[in-house]
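# Results of the structural survey
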Amino acid sequence: MTRIAALLFFMQLLFSCNNVSRNKSESKDSVIFDPNTLNDDFETCKQIRGQLLYLPVYSNVPYQIDTLKFDMSAFVAIHNTDLYNNIRLSKVLYFDQKGRLVDDFLKEESISISPLSTKDFYIPYEDQSGTGANFLVEWHADSLVNEPLIEAVTLCVKPNNTVAILSHGRIMREKK
């Protein structure tokens, strides 16, 4: 089921990429969203101040008994699901399947993600970090916020050999 969802997501992404801009956020007349217009009789979701997450990605997937492999590209998407508050990314570290640090995407700088915004990090097709490649993502907030959605989409798109994998982050530590 996860593979189908990832494939449908990729197909939507592929077919929406053309020269005609349909993105209203690029127009001169931007619309202002007021989260206070939403119904407030819902119960509050789990709110926290930060997390450290483990997120698997699959840089290279073997097939035919390790004689061949799919080289994959991947991107990690970090979605701030809070309606009112920013979250801050303090670490986005990429490791290969042997646990060696491949890249520090933030290089000692934190990144702020505004409410309902997303930040992406890309792993190129040429990367050889292996099936056990993974990210550690650390984020913080100044106040209690909704838990962000952190996922990775890994893709290999070739004629008659398309593979798509969707991965979700697993919480390792939490700051309440």
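Attention in this report is confined to the structure presented alongside it. This structure is a prediction, so every number in the text was calculated from the model and none was measured. (Residues numbered from 1 in each chain as written. Predicted model: local features only at pLDDT ≥ 70, side-chain atom pairs only at ≥ 80, totals over all residues. Heavy atoms only, no water.)

## Observations regarding the overall build of the chain
The criterion, for reference: Under the scheme used here, helices are H or I runs from DSSP no shorter than 4 residues and strands are E runs no shorter than 2 residues, and both carry numbers assigned from the N terminus. Per-residue accessibility, obtained with a 1.4 Å probe over protein chains only, is compared with the maximum for each type, and a residue is labelled buried under 20%, exposed over 50%, and partly exposed between these values. Two residues form a contact once any of their heavy atoms are found within 4.5 Å.
Helix and strand counts for the chain stand at one helix and 12 strands. Ordered by position from N to C terminus, the α and β elements of the chain give α-β-β-β-β-β-β-β-β-β-β-β-β. The proportion of buried residues among the 176 residues of the chain is 34%. Across the chain, contacts joining residues at least 24 apart in sequence account for 77% of those joining residues at least 6 apart.

## Let's talk about the layout of surface pockets
Our working definition: For cavity detection a 1 Å grid was placed over the protein atoms alone, and a set of points counts as a cavity when a 1.4 Å probe fits there but cannot get out; an open set counts as a pocket when protein lies on both sides within 12 Å along at least five of seven lines, with lining residues being those that have an atom within 4 Å of a point. Grid points are joined across faces, edges and corners, and a volume is the space filled by probe spheres set on the points. Under this grouping Gly is polar, as are all residues other than the nonpolar Ala, Val, Leu, Ile, Met, Phe, Trp, Tyr, Cys and Pro and the charged Asp, Glu, Lys and Arg.
Considering only enclosed or pocket space, the largest pocket measures out at about 410 Å³ in volume. Contributing to the lining of the largest pocket are 16 residues, with Asn39, Phe42, Leu83, Tyr84 and Asn146 lying nearest its centre. Per-class residue counts for the lining of the largest pocket are seven nonpolar, six polar and three charged.

## Details of the environment of Val137
Tracing the chain through its elements places Val137 in strand β9 (residues 134-146). For the pair Val137 and Lys91, spaced 46 residues apart in the sequence, the C-alpha separation amounts to 5.5 Å. The residues touching Val137, leaving out its near neighbours within four places in the chain, are Gln51, Leu52, Leu53, Ile78, Leu89, Lys91 and Ile150.

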